[in-house]
Amino acid sequence: MQSSLFDQQNLEVQSQNRFGLQNPQMLRVSLGPDVLSVKGAMVAFQGQVTFNHEGAGSVGKLLKKVVTSEDVPLMRVTGQGEVFFASEAGFVFLVDLTGDGISVNGRNLLAFDSAIDWDIKRVQGAGMMSGGLFNMVLNGQGTVALHAVGQPVVLDCSQQPTYVDVQAAVAWSANLVPQVVNSMNMKSMLRGGSGEAFQYAFHGPGFVVVQPSEWTPAQGGQQQQGGLLGNLMS
């Protein structure tokens, strides 16, 4: 049998690294210690591997997931073998945490070392009109795998204020505290709006990763309720 499908670039990558790229759009993880991943992100595996629902881990995290409507369902991946992860054919990027942290849009999270601490945080200024905006904060030692729709840009927020569409922000430095700003004005609203109503505002030492695509905002009353209850928690 002959085909360009079997070219070397499409064959399984052999690597000693625990986290590695099979190709720019697929993550390959060699199991040993457990890995946490977003449910549905596994596309293939080899060996003896099991997948189990990962609970909130504490009453505090569970409460946040309920009242914020933040739903980043995680699964714990255990065993011996190799697991391949991908989502939306997004480009995969590895971030090695060395005691520091990163804030991630849950829709851009792929997988991370189970030893890394995670929590749900509410973005300041995100209330009812923005639907309530929350993100995952990961801290500690280990590797985090993100995916972006298209080739992203990393912007330096230390020199001047940086504004990013809330649906295009992939991740940012955990030390940055973004505000949600509303760029709408009454005249624009009466004429149908600009389509660019809410942005994250960053300013300080750190970075923000921006993808060249915008996620479709979550719809429905549940997300609106998250914004209201999120305000009560702040």
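Worth saying up front: this structure is predicted, and the values here are computed from it rather than measured. (Residues numbered from 1 in each chain as written. Predicted model: local features only at pLDDT ≥ 70, side-chain atom pairs only at ≥ 80, totals over all residues. Heavy atoms only, no water.)

A. The arrangement of the confidence of the model for the protein in detail. Residues with a pLDDT of 70 or more make up 76% of the protein, whose mean pLDDT is 82. At the level of individual helices and strands, the protein shows its lowest average pLDDT in helix 3 (residues 221-233), which scores 34, and its highest in strand 15 (residues 207-210), which scores 98. Taken as a whole, residues 58-70 scores under 50 in pLDDT and shows 29 contacts with residues more than four places along the chain or in a different chain. For the stretch residues 220-234, pLDDT sits under 50, and the model shows 29 contacts to residues farther than four places along the chain or on other chains. (pLDDT = per-residue confidence, 0-100. Helix = DSSP H or I, 4+ residues; strand = E, 2+ residues; numbered from the N terminus. Contact = heavy atoms within 4.5 Å.)

B. Highlighting unusual backbone geometry. A positive phi angle, near 55°, is found at glutamate 88, a position not held by glycine. Tracing the backbone through its elements, the reader meets glutamate 88 in the loop between strand 5 (74-85) and strand 6 (91-104).

C. How the structure looks around a nonpolar patch on the surface. A grouping of Met1, Leu5, Phe6 and Leu11 is seen on the molecular surface, where their side chains present a nonpolar patch of about 490 Å² in accessible area. Among the structural elements, methionine 1 can be located in the segment before strand 1 (19-23). (Patch = residues over 30% accessible without salt bridge, like charges linked within 9 Å, V, L, I, M, F, W, Y side chains within 5 Å. Areas by Shrake-Rupley, 256 points an atom, 1.4 Å probe, with all protein chains shown as cover. Salt bridge = Lys/Arg side-chain N within 4 Å of Asp/Glu carboxyl O.)

D. Focus on the packing of aromatic side chains. Considering all chains together, one arrives at 4 aromatic pairs under this definition. Taken together, a centroid distance of 5.3 Å and an interplanar angle of 65° make the contact between phenylalanine 45 and phenylalanine 51 edge-to-face. On the basis of relative accessible area, phenylalanine 45 is assigned to the partly exposed category, the value being 37%. Pairwise contacts between aromatic rings join Trp172, Tyr200 and Phe202 into one cluster. (Phe/Tyr/Trp six-rings, centres within 6.5 Å; stacked < 30°, edge-to-face > 60°. Buried < 20%, exposed > 50% of the residue type's maximum accessible area, 1.4 Å probe, protein only.)

E. Geometry of the side chain of glutamine 22. Position of glutamine 22 relative to the elements: it lies in strand 1. In this structure glutamine 22 comes out as buried when scored by relative accessible area, which is 10%. Here leucine 11 takes part through its backbone oxygen, which lies 2.9 Å from a polar atom of the side chain of glutamine 22. Within the structure, the side chain of glutamine 22 is placed 2.9 Å from the backbone nitrogen of valine 13, a separation counted as a polar contact. Residues in contact with glutamine 22, not counting those within four places in the same chain, are Asn10, Leu11, Glu12, Val13, Arg28 and Phe84. (Polar contact = N/O pair within 3.5 Å; in protein donor to acceptor, adjacent residues only side chain to side chain.)

F. Spotlight on the nonpolar core. Core analysis: the biggest nonpolar cluster contains 21 residues, and Leu109, Phe112, Trp118, Met136, Leu138, Val144 and Leu146 have the highest contact counts within it. At the level of elements, strand 3 (35-38), strand 6, strand 7 (109-113), strand 8 (117-122), strand 9 (134-148) and strand 12 (169-173) are the ones that each hand at least two residues to this core. Among the elements that line this core, the one with the most residues is strand 9, at 6 residues. Core analysis: the second largest hydrophobic core is formed by 16 residues, Val123, Ala168, Ala169 and Phe202 among them. (Core = buried A, V, L, I, M, F, W, Y, C linked by side-chain atoms within 4.5 Å.)

G. Highlighting the pairing of strand 3. Residues Val35 and Ser37 line one face of strand 3 and the alternating positions Leu36 and Val38 line the opposite face, and both faces are buried. Where strand 3 lies against strand 5, 4 bridges are found, and the strand directions are antiparallel. Within the sheet, the bridge partner assigned to valine 38 lies in strand 5 and is leucine 74. Pairing of strand 3 with strand 7, which is carried by 3 bridges, proceeds in the antiparallel orientation. Bridge assignment links valine 35 to a residue of strand 7, and that residue is aspartate 113. (Pairing = 2+ DSSP bridges.)

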